[in-house]
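Summary of the model geometry
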Amino acid sequence: VRAAWIVSSGDDSKLLVHSTAESKECMVEIEGAGGDYNESINCCDISSDGRVLACGLANKRIALWDTRMWKLLQKLDGHASSVEDLCFVPGFGQEKLVSVDGRGLKSWSCESHDWTCTHTVKAHAIACCRMALY
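Being a predicted model, the structure only gives us computed values, none of them experimental. (Residues numbered from 1 in each chain as written. Predicted model: local features only at pLDDT ≥ 70, side-chain atom pairs only at ≥ 80, totals over all residues. Heavy atoms only, no water.)

Time to look at the sheet that holds strand 4 (residues 41-46). Backbone hydrogen bonds are what pair the strands of a sheet, in a parallel or an antiparallel way. On the basis of which strands lie adjacent, the open sheet formed by four strands has the order 4-5-6-7 and antiparallel pairing. Since the sheet does not close on itself, it has two edges, and those belong to strand 4 and strand 7 (71-76), each with one partner. With direction set aside, neighbouring strand axes in the sheet form an average angle of 25 degrees. Relative to strand 5 (residues 52-57), strand 4 runs antiparallel, the two being bridged by five bridges. (Pairing = 2+ DSSP bridges. Helix = DSSP H or I, 4+ residues; strand = E, 2+ residues; numbered from the N terminus. Axes fitted to C-alpha atoms, helices over the stretch in contact; angles between N-to-C directions.)

Take a look at the structure:
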């Protein structure tokens, strides 16, 4: 997938995808993009290969979307509260999906798209996640 997108979401449970390359109009609009209707989407990120869009939800889940067909791939469970932020992190020999819920951080394996939780870190407060490799 080779594209340039702007993705927006919010408490209306809609996901809007706009192209930056062509008309800049909305290319894709998905109602109930969290996989559960009326569920707020707090955050989203696109994998480095552009094939997966992850959405952090108010219902403690992560919804994973195939960006080629715009179909729901899977929902990830395991957070104690609303998923407040997430990001794909390249490196470590494979890409990881890192998500936070305000009380903890989870790292998910993207290898072969099995999406298993590989690490959990509990903390007093985590507001956002971004990682850099040096």
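Quick look at the packing of aromatic side chains now. In total, this model carries one aromatic pair according to the counting rule given. Ring centres of F88 and W115 lie 6.4 Å apart, and the angle between their planes is 70 degrees; on these two criteria the pair is classed as edge-to-face. Placement of F88 in strand 8 (residues 85-89) and of W115 in the loop between strand 10 (104-109) and strand 11 (117-122) is noted, with a sequence separation of 27 residues between them. Residue class for F88 comes out buried when judged on its relative accessible area of 9%. Relative accessible area serves as the criterion here: at 4%, W115 is assigned to the buried category. (Phe/Tyr/Trp six-rings, centres within 6.5 Å; stacked < 30°, edge-to-face > 60°. Buried < 20%, exposed > 50% of the residue type's maximum accessible area, 1.4 Å probe, protein only.)

Okay, unusual backbone geometry next. A positive phi is found at S13, a non-glycine position, where the angle reads about 65 degrees. For K60, which is not glycine, the phi dihedral falls at a positive 75 degrees. With respect to the helices, strands and loops of the structure, K60 is situated in the loop between strand 5 and strand 6 (62-66). Classification of K60 by relative accessible area gives partly exposed; the value is 40%.

Here H79 shows up in the loop between strand 7 and strand 8. Of note is the side chain of H79, whose polar atom sits 2.6 Å from the side chain of S99. Within the structure, H79 has its side chain in polar contact with the side chain of D101 (distance 3.1 Å). Apart from the residues within four sequence positions on either side, H79 is in contact with K60, I62, S99, V100, D101, G104, K106 and W108. (Polar contact = N/O pair within 3.5 Å; in protein donor to acceptor, adjacent residues only side chain to side chain. Contact = heavy atoms within 4.5 Å.)

Here we take up the pattern of salt bridges. Applying the stated criterion across every chain, the model contains four salt bridges. Put simply, K14 and E31 hold a salt bridge, and the shortest N to O gap is 3.7 Å. One end of the pair, K14, is in strand 2 (residues 14-19); the other, E31, is in strand 3 (residues 26-31), with 17 residues separating them in the sequence. Given a relative accessible area of 25%, K14 falls into the partly exposed group. Salt-bridge contacts for R68 lead to D66; the nearest nitrogen and oxygen are separated by 3.6 Å. Judged by relative accessible area, R68 falls into the partly exposed class, the value being 47%. (Salt bridge = Lys/Arg side-chain N within 4 Å of Asp/Glu carboxyl O.)

Just geometry here; none of it tells us what the structure is for.
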